[in-house]
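Fold and contact review
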Amino acid sequence: MTKRSGGSRYLYEPFDAASARIEANERVIAERWQGLERRLQTIESTLERLERRLWLAVYGAAGMLAADVAYGFLQAGS
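These lines cover the structure that appears in this document, whether it is placed above or below.

Calculation rules
Residues numbered from 1 in each chain as written. Predicted model: local features only at pLDDT ≥ 70, side-chain atom pairs only at ≥ 80, totals over all residues. Heavy atoms only, no water. Helix = DSSP H or I, 4+ residues; strand = E, 2+ residues; numbered from the N terminus. Buried < 20%, exposed > 50% of the residue type's maximum accessible area, 1.4 Å probe, protein only. Areas by Shrake-Rupley, 256 points an atom, 1.4 Å probe, with all protein chains shown as cover. Patch = residues over 30% accessible without salt bridge, like charges linked within 9 Å, V, L, I, M, F, W, Y side chains within 5 Å. Salt bridge = Lys/Arg side-chain N within 4 Å of Asp/Glu carboxyl O.

**Quick word on the overall build of the chain**
Secondary structure assignment for the chain yields one helix and zero strands. Taken across its 78 residues, the chain has 4% of its residues classed as buried. In the structure as shown, the chain presents an accessible area of about 7,300 Å², 64% of it carried by carbon and sulfur atoms.

Structure, rendered in structure tokens:
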């Protein structure tokens, strides 16, 4: 905290307590920020997995449609 150089203790103690509260609040804010970043990272990874699954479904539907069209051409040619 602050270095005491004499005088009344009432001149220094409120500032020591204030700086301790500020430091405690800074630690709490840092922990909350880390928690927020961790949750955001989890959300981002979940969205990436969802996007991959969505594209897989889109490509699967396009493949089925292409196979159906190809089957129709084969049936018409016979």
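**Some words on a nonpolar patch on the surface**
A cluster of nonpolar side chains, Trp33, Leu36, Leu40, Ile43, Leu47 and Leu50, forms an exposed patch at the surface whose accessible area comes to about 610 Å². Inspection of the secondary structure puts Leu40 in helix α1 (residues 13-77).

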